[in-house]
Amino acid sequence: MQSRTLLRASCTWLETWLQRPRPRPLSTRLESMDPEPSEIDENYRVAISTLNGLQTNAAVLEQIRRRGDDRMVSEYNRMQQYLERVGIAPADLAQLNAVHVSGTKGKGSVCAVTESILRCHDFKTGLYVLVYTLSSCISIILKAPIIHLRSPHLLEVRERIRLNGQPLSRGEFVSYFWDVYSKLNNTRHLYNDAMPSYFRFLTVMAFSVFLSNKVDVAVVEVGIGGTHDSTNIIEEPVVCGITSLGYDHTDILGPTLFDIAWHKGGICKQHRPAFTVEQRPEALTGLSRRARELGASSLSLVPPLASYPGPLPELGLKGKHQVPNASLALQLSSYWLQNHSSTQSECVSSGRADSALPTAAPFPLTQEFTDGLRLCRWAGRNQVVERGNVTYYLDGAHTPESVAACAEWFLSQMDTSHKQDTLRVLLFNTTGKRDTRTLLLPLMECGFSRFVFCPNISHSEDTQNSPDHTSHMVTQSSQLSHCYANQECCKHILSDKNAGVADVWEEPASEEKTRACVSVADALQHMDTHSAARVVVLVTGSLHLIGSVMSVLGFTVEDL
Ligand SMILES: Nc1ncnc2c1ncn2[C@@H]1O[C@H](COP(=O)(O)OP(=O)(O)OP(=O)(O)O)[C@@H](O)[C@H]1O
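Since the model is a prediction, treat every value here as computed from it, not as a measurement. (Residues numbered from 1 in each chain as written. Predicted model: local features only at pLDDT ≥ 70, side-chain atom pairs only at ≥ 80, totals over all residues. Heavy atoms only, no water.)

### Re the side chain of Asn325
Alright, step 1. Take Asn325: it is sitting in helix H13 (residues 322-339).
Alright, step 2. Within polar-contact distance, the side chain of Asn325 engages the backbone oxygen of His321 at 3.5 Å. (Helix = DSSP H or I, 4+ residues; strand = E, 2+ residues; numbered from the N terminus. Polar contact = N/O pair within 3.5 Å; in protein donor to acceptor, adjacent residues only side chain to side chain.)

### Quick look at the site of the ligand
Alright, step 1. Taken together, 18 residues surround the ligand, and among them Lys105, Gly108, Ser109, Asp395 and His398 come closest.
Alright, step 2. Between the ligand and Lys107, the relevant distance is 3.0 Å, taken from an oxygen atom to a main-chain nitrogen or oxygen of the residue.
Alright, step 3. Take Ala397: an N or O atom from its main chain is 3.1 Å from an oxygen atom of the ligand.
Alright, step 4. Burial of the ligand by the protein amounts to 96% of the accessible area it has alone, namely 620 Å².
Alright, step 5. No other element matches helix H6 (residues 107-120), which puts three residues into the shell around the ligand.
Alright, step 6. In terms of residue class, the shell around the ligand is made up of three nonpolar, ten polar and five charged. (Near = heavy atom within 4 Å. Areas by Shrake-Rupley, 256 points an atom, 1.4 Å probe, with all protein chains shown as cover. Nonpolar A, V, L, I, M, F, W, Y, C, P; charged D, E, K, R; others polar.)

### Overview of the pairing of strand E7 (residues 273-276)
Alright, step 1. Burial along E7 is two-sided: Pro273 and Phe275 facing one way and Ala274 and Thr276 facing the other are all buried.
Alright, step 2. In this sheet, E7 lies alongside strand E6 (residues 239-242) in parallel orientation, the contact comprising three bridges. By the bridge assignment for E7, Ile242 is matched with Thr276.
Alright, step 3. Taken together, the four bridges between E7 and strand E8 (residues 298-301) define a ladder with parallel strand orientation. Bridged to Pro273 within E8 is Ser298.
Alright, step 4. Of the crossover connections in this fold, the one passing from E7 over helix H12 (residues 281-293) to the parallel E8 is right-handed. (Buried < 20%, exposed > 50% of the residue type's maximum accessible area, 1.4 Å probe, protein only. Pairing = 2+ DSSP bridges. Right-handed = clockwise from strand over helix to strand, strands pointing away.)

### As for unusual backbone geometry
Alright, step 1. Positioned with a positive phi, Asn164 is a non-glycine residue whose angle comes to about 50°.
Alright, step 2. Position of Asn164 among the secondary structure elements: in the loop between strand E3 (161-163) and strand E4 (166-167).
Alright, step 3. Take Asn164: its relative accessible area is 34%, and that puts it in the partly exposed class.
Alright, step 4. Phi is positive for Lys214, close to 50°, though the residue is something other than glycine.
Alright, step 5. As for its placement among the helices and strands, Lys214 is situated in the loop between helix H9 (198-212) and strand E5 (217-221).
Alright, step 6. On the accessibility criterion, Lys214 (66% relative accessible area) is exposed.

### Thoughts on the sheet that holds E4
Alright, step 1. Taken in spatial order, the eight strands make up an open sheet running E4-E3-E2-E5-E1-E6-E7-E8, and their pairing is mixed. Lying at the two open borders of the sheet, with one neighbouring strand each, are E4 and E8.
Alright, step 2. Where strand E1 (residues 99-102) and E5 come together, three bridges link them in parallel fashion. Along E5, the bridge assignment pairs Val99 with Val219.
Alright, step 3. Contacts from H12 reach E6, E7 and E8 within the one sheet, and its direction differs from that of E8 by about 155°.
Alright, step 4. Packed onto the sheet, H13 meets E1, E5, E6 and E7 and runs at close to 175° relative to E6. (Contact = heavy atoms within 4.5 Å. Axes fitted to C-alpha atoms, helices over the stretch in contact; angles between N-to-C directions.)

Below is the structure:
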């Protein structure tokens, strides 16, 4: 009897055991354990708000600045420490076979085209791009005023880290984010409670993503400058590129092109070559000296795009200014293809005048190269979007050179045959300390009859805005007053006979010509209410403004 009871109990136990939740075969397990989309979105929101917590509060920055202790640690040492805390030694970064790109204009474009070309050659690519990497330490080291910035992306932060051209999915972002965050958080007690700032964190995370995915190449854009940038922890890039240099962030980098070249050329590395585009002599002299100082194997100018033998494809990235960028991307990728598994040892020859650099040879373009140039897409740069009777021309130009290039591109797109029934509108904003007048003047040649100003805020109701667009450092009211100041500046230009633009306007300057809106949604609604058969809107002045416009127009990261 006792044994029968025992047997029944054993059978019940066995039954229960057999019915327990089983582990699935690995392939299906990962799939079915993926959280539901809404859960992914929620996890993503939590990760983003934790990441936003790393945006250094302006008050804390001010305190650090007064204490001056941030100056004691170099950016290299700081990044080295963060990387080591997540289990990466700086030497491991050699496995990334990096292409490292700095410059004032066109860094993002050159990185995008280089990545596209190498992907068309069937390599597994990583791409890390930033609009800005203004780490507090740069402004502090250089004793410059603190500049406030929004997060560095158009729609969502995950678009900044790409594998094979695709932004990380929300699910991937969450899992890499927590992996890196928890390693740093668990070790903070050993390091004076230090956590990396927002931009440094993203850099550490990007490197971690690329190493764990064993990419063949990582194309990495410098955030700001070069010498003191967090990406300059890359000690052994395969090749470096320096795009067009101009006057931007002069309060941080210095007032002359020579100073700017010193910073941007600071990514050159010993025994590694660098390529650059045609520049003003002062910039070339600065770059050349810096390349020599750092022991680069060579610094060469890229040849004109038209000199490459054979037919050239239509470039995926539009605008005349993309032509030298394309040649730089060709030289970087060609060099990478031939040399990514070997090392170089020559140094820049010193017999040459500083501003007279050798020009690299053009080469016949194979299908992979032409596909890379043709298929490259880079959202927010010279992009055209149709919505009903409104055509948006989106370009994130925000320096005098790029705004001039943008105006030229916009005019080249205008079909003057329908001039009468087409209303041309400028939607504009600036960030930081940019000189609005300097940026607006080239745009005055474009024949706009309406000028709309709004902050880089998608919706005036904060609950409707993505957490990805949160800045702890810029208040909504300061953005609004900045936008009213821009409107005032525009009115001034319109009424200023000496500005050389008065004769462009058929009607006298009036209140209605300019308008300030509280948000992008408000501004776009204003475009829709016009009775003109067609409305063309040039959106420019800030890449963040472009991001907010794209968000209101319903773009998602997957559309980029
Ligand atoms: N060589 C160039 N000369 C002038 N403008 C350019 C050039 N290359 C790109 N641009 C324009 O500059 C803006 C930013 O382009 P891109 O993102 O490629 O440059 P970036 O150097 O990464 O910019 P950022 O200043 O945002 O870091 C876009 O409006 C683009 O059309």
